[in-house]
Amino acid sequence: MNYTPKHKDGIVRALYCGLIALAFILMLVRAEGTQRTVFTCVAMGTLVAGVFLLMRYELTTYSYILSAKENDFDFFVNKSSGKRGSYVCYYLMSDVIKIVPYEKDTKGKLEREYQKILFFNYTNNLFGAKKHVIIFNNKGKYEGVIIEADEACLEYLQNALNLVRGVKGEEPTEIIVEATNEEK
C-alpha cells in the first residue's frame, strides 16, 4: 500500500501568501531610526514564517507505505520535497499498540497514558484534515506518528495488524479504540 494525502488546505495557502505579502509591504515602508529597525525586524519575522509554511505544508509531501515482510509488515513514511524523497521513519506493524483519532486533547491523554511519548507529525495539511495517531512501542519507548488516513488506508492498516497478530497467535483486535466527535 502506498497512500499520499492530497494538499487541500486553502487556509494555509492564504496564510503564507498573506505573510509574504505583508513582509514585502513592511520592507517598502519609509521610516527612519528605531521605526525602520522595528519594521525591518517584523518584516523579516513574517517572511520567515511565510516561507516556513510554504515549505512545510505546500512543497513537502508525506506518503505512507506499508509493505509485506515475511511474517510482518513494514511501515514507512516517505518525505518528498521536489524530486527528492527519503524515508523519515520506519516501524514494524508488530510494534503497533493502537491507532486513535487525533483531536485537540489526544496528545495530553496519550502523554498521561504513556510516559515520555514522542510525537512525530507527518501530515500534509494543517487544518481540516482527518488525522490519526499510531502508537508504536520502539524498544521500550513509545512513539506516536500523526498521519492523515482515509477509510481505505485505515482498513488496510487494520487488516495488516490483524494478520501480524494472527501469526503471533494473539487475538485480532480493533485498533481504532476511540470514535471521533463526528461519529458519536
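This is a predicted model, so every value here is computed, not measured.

Novice: Any chance you could break down the pattern of salt bridges for me, citing the residues and the numbers?
Specialist: Going through the model one piece at a time under the given rule, you end up with four salt bridges. Among the salt bridges present, the one from Arg13 reaches Glu58, with a minimum N-O distance of 3.0 Å. Separated by 45 residues along the polypeptide, Arg13 in helix H1 (residues 10–28) and Glu58 in the loop between helix H2 (34–57) and strand E2 (60–69) bring together distant segments of the chain. Looking at Arg13, the relative accessible area reads 30%, which means it is partly exposed.

Novice: Give me the lowdown on empty space enclosed by the protein, citing residues and values where you can.
Specialist: This model, assessed by the stated rule, comprises one cavity of 30 Å³ or more. Computed from the structure, the largest cavity encloses a volume of approximately 30 Å³. Forming the walls of the largest cavity are His7, Lys8, Asp9, Val12, Arg13, Tyr57, Glu58, Asn124 and Asn125. Here the lining of the largest cavity is built from residues that sort into two nonpolar, three polar and four charged.

Novice: Kindly report on the environment of Asp9, identifying the contributing residues and their values.
Specialist: Its place among the elements puts Asp9 in the loop between strand E1 (2–3) and H1. Asp9 gets classed as buried once you look at its relative accessible area, which sits at 8%. Considered as a pair, Asp9 and Gly128 are 119 residues apart in the sequence and their alpha carbons are 7.3 Å apart. Other than its neighbours up to four places away in sequence, Asp9 contacts Asn125, Leu126 and Phe127. Among the polar contacts made by the side chain of Asp9, one reaches the main-chain amide nitrogen of Phe127 at a distance of 2.7 Å.

Novice: Quick one: what's the story with the nonpolar core, residue by residue and with numbers?
Specialist: One finds Phe75, Val77, Met93, Ile134, Val145, Ile147 and Leu157 to be the most contacted residues of the largest nonpolar core, which totals 23 residues. Of all elements in the fold, only E2, strand E3 (72–81), strand E4 (84–92), strand E5 (96–101), strand E7 (131–138), strand E8 (141–148) and helix H4 (151–167) reach the threshold of two or more residues within this core. Of the residues forming this core, the biggest block, six residues, is contributed by H4. Not counting residues within four places of it along the chain, the set of residues in contact with Val77 comprises Tyr62, Ser63, Tyr64, Ser86, Tyr87, Val88, Cys89, Tyr122 and Val145. With eight residues, the next largest nonpolar core counts Val100, Tyr114, Phe119 and Val133 among its residues.

Novice: Please give an account of the packing of aromatic side chains that cites residues and values.
Specialist: The final tally for this structure, using the stated rule, is eight aromatic pairs. Ring geometry for Phe76 against Tyr90: centres 5.1 Å apart, planes inclined by 35 degrees, an arrangement best described as tilted. You can see Phe76 sitting in strand E3 and its partner Tyr90 sitting in strand E4, a full 14 residues away along the chain. Residue class for Phe76 comes out buried when judged on its relative accessible area of 16%. Seen from their ring centres, Phe120 and Tyr122 are 6.3 Å apart, and the 5 degrees between their planes marks the pair as stacked. Cluster of aromatic residues (ring-pair linked, three or more members): Tyr62, Phe120 and Tyr122. Over the ring of Tyr57 we find Arg56; its NZ or CZ atom is 4.4 Å from the centre of that ring.

Novice: Which residues make up the sheet that holds E5, and what values go with them?
Specialist: Taken together, the four strands give an open sheet; going across it, the order is E5-E7-E8-E6, and neighbouring strands pair in mixed fashion. The open sheet has two edge strands with one neighbour each: E5 and strand E6 (118–121). Averaged over all adjacent pairs, the angle separating strand axes in this sheet is 20 degrees, with direction ignored. As defined by bridge partners, E7 adjoins E8 across eight bridges and the pair is classed as antiparallel. Counterpart to Asn138 in the pairing with E8 is Lys141.

Novice: For the packing of H1 against H2, give the residues involved together with the corresponding values.
Specialist: Interhelical geometry of H1 versus H2 gives an angle of 155 degrees and a closest axis separation of 8 Å. On the basis of their axis angle, the class for H1 and H2 is roughly antiparallel. The interaxial crossing formed by H1 with H2 has left-handed handedness. Facing H1, whose interface residues are Val12, Leu15, Tyr16, Leu19, Ile20, Leu22, Ala23, Leu26 and Met27, H2 presents Phe39, Val42, Ala43, Met44, Thr46, Leu47, Ala49, Gly50, Val51, Leu53, Leu54 and Tyr57.

Rules and cut-offs
- Residues numbered from 1 in each chain as written.
- Predicted model: local features only at pLDDT ≥ 70, side-chain atom pairs only at ≥ 80, totals over all residues.
- Heavy atoms only, no water.
- Salt bridge = Lys/Arg side-chain N within 4 Å of Asp/Glu carboxyl O.
- Helix = DSSP H or I, 4+ residues; strand = E, 2+ residues; numbered from the N terminus.
- Buried < 20%, exposed > 50% of the residue type's maximum accessible area, 1.4 Å probe, protein only.
- 1 Å grid on protein atoms, 1.4 Å probe; cavity = no way out; pocket = protein on both sides within 12 Å on 5 of 7 lines; lining within 4 Å.
- Points joined across faces, edges and corners; volume = space filled by probe spheres on them.
- Nonpolar A, V, L, I, M, F, W, Y, C, P; charged D, E, K, R; others polar.
- Contact = heavy atoms within 4.5 Å.
- Polar contact = N/O pair within 3.5 Å; in protein donor to acceptor, adjacent residues only side chain to side chain.
- Core = buried A, V, L, I, M, F, W, Y, C linked by side-chain atoms within 4.5 Å.
- Phe/Tyr/Trp six-rings, centres within 6.5 Å; stacked < 30°, edge-to-face > 60°.
- Lys NZ or Arg CZ within 6 Å of the ring centre and 35° of its normal.
- Pairing = 2+ DSSP bridges.
- Axes fitted to C-alpha atoms, helices over the stretch in contact; angles between N-to-C directions.
- Parallel < 35°, antiparallel > 145°, perpendicular 65-115°, else oblique.
- Left-handed = near helix turned anticlockwise from the far one by under 90°.

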